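Inside the fold
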Amino acid sequence: MSVGTDGAPAGAGGAAPQRIPFNRPTLQGRELEYVRSAVEHGHTSAEGPFSTKAAGILREESGARDVLLTTSCTAALEMTALLLDVGPDDTVVVPSFGFVTTALAYARQGARILFCDIEEQTLGVDPDRLADLMDDTVRAVVPIHYAGVACDIEGIRAVLERWPRAELVEDNAHGLFGRYRGRPLGSFGRFATLSFHETKNFTCGEGGALLLNDDADVARAHVLYHKGTNRREFLLGQVDKYTWQDTGSSFGLSDILAAYLYAQLEERDQVLAKRRAAFERYSRALAPEADRLGYRLPCVPEDREPGYHMFYVLLPDRATRDRVLAEMHRGGVHATFHYVPLHSAPAGRRFSAREVACPVSDAVSGRLLRLPYYTDIGEAETDRVVECFLSALSA
Ligand SMILES: Cc1ncc(COP(=O)(O)O)c(C=O)c1O
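Criteria and cut-off values
Per chain, residues are indexed from 1 in the order of the written sequence. Totals for whole chains, interfaces and linings use all residues, but because this is a predicted model, local features are given only for residues with pLDDT of at least 70 and pairs of side-chain atoms are given and counted only at 80 or more. Hydrogens and water molecules were not included; the side-chain quantities draw on all heavy atoms of the structure. Proximity is defined per residue: if any heavy atom of the residue lies within 4 Å of a molecule or strand, that residue is considered near it. Polar contacts, as counted here, are pairs of nitrogen or oxygen atoms within 3.5 Å of one another; within protein the pair requires one atom able to donate a hydrogen and one able to accept it, and residues that are adjacent in sequence qualify only if both atoms are side-chain atoms. Method for areas: the Shrake-Rupley scheme with a 1.4 Å probe, in which residue coverage is limited to the protein chains shown. As annotated, the domain borders come from an automatic or database domain assignment. Working rule for contacts: check all heavy atoms of both residues, and any pair within 4.5 Å makes them a contact. Take the accessible area each of two parts loses on contact, using a 1.4 Å probe, and add the two losses: that sum is the buried area. We define a salt bridge as a side-chain nitrogen of Lys or Arg found within 4 Å of a carboxyl oxygen belonging to Asp or Glu. Numbering of helices and strands runs from the N terminus, with a helix taken as a DSSP run of H or I at least four residues long and a strand as a DSSP run of E at least two residues long. Charged residues are taken to be Asp, Glu, Lys and Arg, nonpolar residues to be Ala, Val, Leu, Ile, Met, Phe, Trp, Tyr, Cys and Pro, and polar residues to be all remaining types, Gly included. Buried, partly exposed and exposed residues are distinguished by accessible area as a fraction of the type maximum, computed with a 1.4 Å probe on protein chains only: under 20%, between the cut-offs, and over 50%, respectively. Any two strands with at least two DSSP bridges between them are considered paired. Whether a crossover is right-handed depends on one test, that the path from the first strand over the helix to the second runs clockwise when the strands point away from the viewer. The criterion is simple. A nonpolar core is a set of buried Ala, Val, Leu, Ile, Met, Phe, Trp, Tyr and Cys residues joined through side-chain atoms within 4.5 Å. As a rule, the C-alpha atoms of each element are fitted with a line to give its axis, helices using only the stretch in contact, and angles between N-to-C directions run from 0 to 180 degrees. By convention the crossing between two helices is left-handed if the near helix lies anticlockwise of the far one by an angle smaller than a right angle, and right-handed if it lies clockwise.

1. Comments concerning the site of the ligand
- Residues in contact with the ligand amount to 15 residues; listed here are only the nearest, Thr 74, Asp 171, Ser 195, Lys 200 and Tyr 339.
- At 2.8 Å from an oxygen atom of the ligand is found a side-chain nitrogen or oxygen belonging to Ser 195.
- In the model, an oxygen atom of the ligand is placed 2.7 Å from a nitrogen or oxygen of the Lys 200 side chain.
- Here the ligand, which alone exposes 400 Å², has 92% of that area covered by the protein.

2. Digging into the domain arrangement of the protein
- As assigned here, the protein comprises domain 1 (31-266) and domain 2 (268-394).
- One C-alpha centre belongs to domain 1, the other to domain 2; they are set 25 Å apart.
- Facing 48 residues of domain 1, the contacting portion of domain 2 comprises 39 residues.
- When domain 1 packs against domain 2, close to 3,800 Å² is buried across both sides, 58% of that on carbon and sulfur atoms.
- Looking only at domain 1, the three residues that lose the most surface to domain 2 are Phe 97, Phe 115 and Asn 201, adding up to 17% of its buried area.
- Run the count over domain 1 and domain 2 and you get 3 salt bridges.
- A salt bridge links Glu 61 to Arg 268; its shortest N-O distance comes to 2.7 Å.
- Where domain 1 packs against domain 2, one counts 26 residue pairs in polar contact (both at pLDDT 80 or more).
- A total of 5 residues in the side of domain 1 that touches domain 2 trace back to one element, the largest contributor, which is strand S3 (residues 112-116).
- The residue makeup of the side of domain 1 that touches domain 2, split by class, is 26 nonpolar, 11 polar and 11 charged.

3. Focus: the pairing of S3
- Among the 5 residues of S3, 4 are classified as buried, and the element is accordingly described as predominantly covered.
- Where strand S2 (residues 91-95) lies against S3, 5 bridges are found, and the strand directions are parallel. Within S3, the position partnered with Val 93 by the bridge is Leu 114.
- In this fold, the crossover linking S2 to S3 by way of helix H4 (residues 100-107) has right-handed handedness.

4. Focus: the environment of Tyr 106
- Counting through the fold element by element, Tyr 106 comes out in helix H4.
- C-alpha separation for the pair Tyr 106 and Glu 206, spaced 100 residues apart in sequence, amounts to 21 Å.
- With residues up to four places along the chain from it excluded, the contact list for Tyr 106 reads Leu 77, Thr 80, Ala 81, Val 86, Val 92, Ala 111, Ile 113, Val 142 and Val 169.
- For Tyr 106, the side chain forms a polar contact with the side chain of Thr 80, separated by 2.6 Å.

5. Focus: the nonpolar core
- Residues Leu 69 and Tyr 106 are the most contacted members of the largest nonpolar core, which totals 85 residues.
- When residues of this core are assigned to their parent elements, the largest contribution, 8 residues, is made by helix H3 (residues 73-83).
- Split by domain, the residues of this core number at least three in each of domain 1 (31-266) and domain 2 (268-394).
- Residues in contact with Leu 69, not counting those within four places in the same chain, are Ser 51, Ala 54, Ala 55, Leu 58, Gly 208, Ala 209, Tyr 225, Phe 251, Gly 252, Leu 253, Ala 258 and Leu 261.
- Within the second largest apolar cluster, 30 residues are counted, among which are Leu 286, Ala 335, Leu 371 and Ile 377.

6. Focus: the sheet that holds strand S10 (residues 304-305)
- Spatial strand order, S7-S6-S10: 3 strands in an open sheet with antiparallel pairing. Only two strands of the sheet have a single neighbouring strand rather than two, namely strand S7 (183-184) and S10.
- Sheet topology note: the strand S6 (residues 179-180)/S7 ladder contains 2 bridges and is antiparallel. Opposite Tyr 180, over in S7, you have Arg 183 as the bridge partner.

7. Looking at the packing of H3 against H4
- Here H3 crosses H4 at 35°, and the two axes come no closer than 8 Å. The handedness of the crossing between H3 and H4 comes out as right-handed. Along its contact with H3, which presents Thr 74, Leu 77, Glu 78, Thr 80 and Ala 81, the element H4 presents Thr 101, Thr 102, Ala 105 and Tyr 106.
- Here the residues of the contact of H3 with H4 are counted per class, giving 4 nonpolar, 4 polar and 1 charged.

Structure representation (structure tokens):
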């Protein structure tokens with residue numbers, strides 16, 4: 001069943017071709033049944049039965065020591081800032097071509113941000129640029145597996161080996177179930193974060209998760225998660241009342257949303273297969289014209305399996321990208337751009353440790369165009385998107 005993101009009923013309208021949205025969240029299995037069951041069961045706050053099941057899938061698939069479902073990926077990133085006691089004496093490295101809250105989660109704790117440029121192949125943190133930035137104030141390095149394709153994890157880890165104070169936090173908002181050299185994304189950092197926002201492969205409207213890969217973080221993470229209290233010990237019968245112990249906040253995901261999420265995660269093989277098929281249709285249809293028309297398709301190095309989060313095209317320059325976007329919108333196809341570089345954004349400048357140039361981020365931001373891509377996008381839709389893209393580009 002499909003739910004229009006723009007409020008328009010699917011198939012409405014006269015002879016005009018139906019608009020193709022950028023994203024269309026869909027039911028994949030037993031979402032509504034489980035939501036009803038969560039309500040009827042009565043435990044609708046965090047850490048109910050569906051939260052346990054959903055976190056269980058994530059733990060088994062990633063090998064994490066523990067998984068906490070959060071209200072968003074942003075909240076999970078904020079938890080990592082608290083767990084690392086990030087403060088005004090620290091700097092945190094994030095890609096400039098990235099999401100605002102990957103930086104903001106640390107900036108709001110008082111840290112200064114160092115913006116790292118990306119490499120052209122995967123659009124992830126460039127280990128050479130990272131090496132240039134490192135010093136002993138760096139407390140965390142937070143790469144993004146852009147579009148669900150792993151960044152150069154080995155290169156990044158080789159740099160971090162020389163800086164033991166700096167912890168690796170994987171912002172894996174895009175890459176759930178992706179792999180790097182056979183190992184799940186999210187299993188490399190001390191922490192990893194996930195997003196279940198409406199636009200992600202697996203969604204519950206708004207949601208996220210924190211993956212803890214070190215046993216030593218588990219007990220404190222539960223205190224922060226429980227609003228700074230030892231409520232978990234109380235629930236386990238280890239103390240007779242719970243009290244304020246530490247910093248923290250209200251990070252937990254409602255079991256109503258966890259029920260929806262669990263139904264989506266149960267269908268992970270089907271979801272990934274559909275997204276992979278759509279990715280391959282786009283690749284097959286667009287590859288033959290790439291050289292002639294001067295665009296580039298996503299690059300997936302042989303040692304990586306993508307999470308199939310998005311399909312983008314890199315056009316020769318910003319003017320062409322903007323023209324093609326406008327033309328596609330006129331044709332009813334909602335393609336879109338992506339991140340505006342953080343290093344030159346007003347708050348990026350305000351929170352940055354020092355000015356850095358990120359020329360690849362600037363160039364990619366101006367050239368990148370994302371095609372409509374969602375789990376239930378059909379062949380007729382991808383064909384029409386390709387036709388609209390090629391005719392806009394050739395115009
Ligand atoms: C790389 C990345 N990190 C973090 C986020 C924030 O996710 P959320 O909306 O779940 O807080 C996003 C959102 O799109 C993202 O793309």
